[in-house]
Amino acid sequence: MRGGEITCSGDTIVIGLAADSGSGKSTFMRRLTSVFGGAASPPKGGNPDSNTLISDTTTVICLDDYHSLDRTGRKEKGVTALDPRANDFDLMYEQVKALKNGVAVEKPIYNHVTGLLDPPELIKSPKILVIEGLHPMYDPRVRDLLDFSIYLDISNEVKFAWKIQRDMAERGHSLESIKASIEARKPDFDAYIDPQKQYADAVIEVLPTRLIPDDNEGKVLRVKLIMKEGVPYFNPVYLFDEGSTISWIPCGRKLTCSYPGISFSYGPDAYFGHEVSVLEMDGQFDRLDELIYVESHLSNISTKFYGEITQQMLKHADFPGSNNGTGLFQTIVGLKIRDLFEQIAAKRESTPLQSTKS
Ligand SMILES: Nc1ncnc2c1ncn2[C@@H]1O[C@H](COP(=O)(O)OP(=O)(O)OP(=O)(O)O)[C@@H](O)[C@H]1O
Ligand SMILES: O=C(CO)[C@H](O)[C@H](O)COP(=O)(O)O
């Protein structure tokens, strides 16, 4: 990842967020920008179908904007949007590099409403650039520009449950068409999207619960936060005792739990040959205000004050996943990114012309 580029004062920090469509990227981005304060909105006065979100410190660009084939083009050539042949990685690399070096770019816009490529929009270099989408870690040149990378790994069962919830309940699609769309994407997902998780500094893995035998509802989730060891400016979160293996059932006097309860675990592991720490939560919170009890047992969480995680979770209680490990771990990763940004900025101030990546 951090490919040894010399970064100097004024450079942008680049974060990559990879996931399939409908995997919670937008929700994660809303949690992340909230940690930095201020609301994120599309570029003012621009294309109403822009995929970009800008806040004081952060600009989020959607990598769908680098589709080289529009909807009709993909249909004619028989390729999906996940296929690298439908994406312009040369342009993605050139533009992310320019933004990282403080240079504004005219970025294309892929219009999800019309399926066409719209005229480009001007993107100025922000303090923090987030590139989110299908392929932030696919091209080694783009991967080397990332200061930190995240992969949202939603298991097939859960992805299916979420798709049904959104596309059937909210968009009126049939069960058959949802199944067909997932099946049609799967070979390219397996070939081009899923392998990127090996490069991620943090992976949020979302699985069916183990607390309910043979659960097939996909409502109660087991969520793992897999954190790579040895990543500059990133100290993995731990539960009780760093490096030990811990199982914890927090339900009792201080945490209300209804069926099927809540269990946490933490410990060292290996992931694609890398040493990692894994924090896992299975189950869901009944009362979000009681999350403070769990928060107070976690360390290295990069909060600025006691209870900041609980405050963030309460603030966005209406976001999907706020009562389970998806919301909790997305919030924690947001705080870790703020911490990473502040450490790099502080280092630059003290040694402006030195590499921040060593
Ligand atoms: N943590 C979660 N728990 C339950 N459902 C979720 C969660 N995250 C996302 N979803 C479901 O998935 C849908 C898509 O979420 P979101 O818009 O954040 O994903 P996305 O990856 O940005 O999607 P797209 O790329 O299609 O715009 C939500 O409307 C919701 O139904
Ligand atoms: O996988 C996707 C990423 O969001 C989209 O399906 C892809 O961008 C193509 O868009 P559309 O479905 O609007 O043609």
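Residues numbered from 1 in each chain as written. Chains lettered and ligands numbered in written order. Predicted model: local features only at pLDDT ≥ 70, side-chain atom pairs only at ≥ 80, totals over all residues. Heavy atoms only, no water.

Student: Outline the nonpolar core, supporting the account with residue identities and numerical values.
Tutor: Grouped together as the largest cluster of nonpolar side chains are 56 residues, with contacts concentrated most on F148, F264, L279, F285 and L328. Looking at this core, the element that brings in the most residues is helix α9 (residues 325–350), giving nine residues. There are two domains that each give this core at least three residues, and those are domain 1 (1–150) and domain 2 (201–352). Once residues within four sequence positions are removed from consideration, L279 is found in contact with V223, K224, L225, M227, V237, L239, F264, S265, Y266, L298 and F329. Judged by nonpolar contacts, the second largest core, of 31 residues, contains L63, F189, I193 and V203. (Core = buried A, V, L, I, M, F, W, Y, C linked by side-chain atoms within 4.5 Å. Buried < 20%, exposed > 50% of the residue type's maximum accessible area, 1.4 Å probe, protein only. Helix = DSSP H or I, 4+ residues; strand = E, 2+ residues; numbered from the N terminus. Domains from an automatic or database assignment. Contact = heavy atoms within 4.5 Å.)

Student: Tell me about unusual backbone geometry, and please be specific about residues and values.
Tutor: With an omega of 5 degrees, the peptide bond running from Y259 to P260 counts as cis. Positive phi outside glycine occurs at N300, with the angle close to 60 degrees. Looking at the element boundaries, N300 is found in the loop between β14 (298–299) and α8 (308–315). N300 sits in the partly exposed class, given a relative accessible area of 29%.

Student: I'd love a proper account of the packing of helix α1 (residues 25–35) against α9, names of residues and values included.
Tutor: One way to put it is that α1 packs onto α9 with a least axis distance of 9 Å and a crossing angle of 45 degrees. When the axis of α1 is compared with that of α9, the two are oblique. With respect to the hand of their crossing, α1 and α9 are arranged in right-handed fashion. Every residue of α9 that contacts α1 at T27, F28, R31, L32 and V35 is listed here: G327, Q330, T331, V333, G334, L335, I337 and R338. (Axes fitted to C-alpha atoms, helices over the stretch in contact; angles between N-to-C directions. Parallel < 35°, antiparallel > 145°, perpendicular 65-115°, else oblique. Left-handed = near helix turned anticlockwise from the far one by under 90°.)

Student: Could you give me a rundown of empty space enclosed by the protein, with the residues and numbers involved?
Tutor: Scanning all chains against the criterion turns up three cavities of 30 Å³ or more. Taken as a whole, the largest cavity spans an internal volume of roughly 110 Å³. Surrounding the largest cavity, D20, S21, N156, K159, K163, I182, R185, K186 and F189 form its lining. The element best represented in the lining of the largest cavity is helix α6 (residues 175–193), accounting for four residues. In terms of residue class, the lining of the largest cavity is built from two nonpolar, two polar and five charged. (1 Å grid on protein atoms, 1.4 Å probe; cavity = no way out; pocket = protein on both sides within 12 Å on 5 of 7 lines; lining within 4 Å. Points joined across faces, edges and corners; volume = space filled by probe spheres on them. Nonpolar A, V, L, I, M, F, W, Y, C, P; charged D, E, K, R; others polar.)

Student: I'd like to hear about the side chain of T12, residue by residue, with values.
Tutor: Mapped onto the secondary structure, T12 falls in the segment before β1 (13–18). Side-chain polar atoms of T12 contact the side chain of S125, separated by 2.8 Å. Among the polar contacts made by the side chain of T12, one reaches the main-chain carbonyl oxygen of P126 at a distance of 2.5 Å. Dropping the residues within four chain positions of it, T12 is found in contact with L99, K100, S125, P126, K127, I128, L129 and D147. (Polar contact = N/O pair within 3.5 Å; in protein donor to acceptor, adjacent residues only side chain to side chain.)

Student: So what's going on with α6? Which residues, and what values?
Tutor: It helps to recall that an α-helix has 3.6 residues per turn; residues three or four apart then point in one direction. Along α6, the helix axis deviates most sharply at K186, where the bend reaches about 40 degrees; the proline P187 sits within four residues downstream. When we look at burial in α6, the residues that qualify are I178, I182, D188, F189 and I193. Check the buried side of α6 and you find it contacts β7 (148–154) and α5 (156–170). (Bend = angle between axes of the 7 residues up to and from the residue.)

Student: Kindly report on the domain arrangement of the chain, identifying the contributing residues and their values.
Tutor: Under the domain assignment, the chain is made up of domain 1 (1–150) and domain 2 (201–352). Put simply, the middle of domain 1 and the middle of domain 2, counted by C-alpha atoms, are 26 Å apart. Each side of the interface is counted separately: domain 1 has 23 residues, and domain 2 has 26 residues. Summing the contributions of domain 1 and of domain 2, the shared interface buries around 2,300 Å²; its carbon and sulfur component is 65%. Where domain 1 touches domain 2, the interface holds zero salt bridges. (Buried area = accessible area lost by both parts, 1.4 Å probe. Salt bridge = Lys/Arg side-chain N within 4 Å of Asp/Glu carboxyl O.)

Student: Mind laying out the pattern of salt bridges, listing which residues take part and the relevant values?
Tutor: Under the counting rule described, the total for this entry stands at 16 salt bridges. Ionic pairing is found between D20 and K159, a salt bridge with its closest N-O pair at 3.0 Å. Taken as a pair, D20 in the loop between β1 and α1 and K159 in helix α5 lie far apart in primary sequence, 139 residues in all. Here D20 and K159 have matching classes, each one buried. Ionic pairing is found between D190 and K186, a salt bridge with its closest N-O pair at 2.8 Å. Taken together, the residues D190 and K186, both in helix α6 and four residues apart, mark about one turn of the helix. D190 sits in the partly exposed class, given a relative accessible area of 37%.

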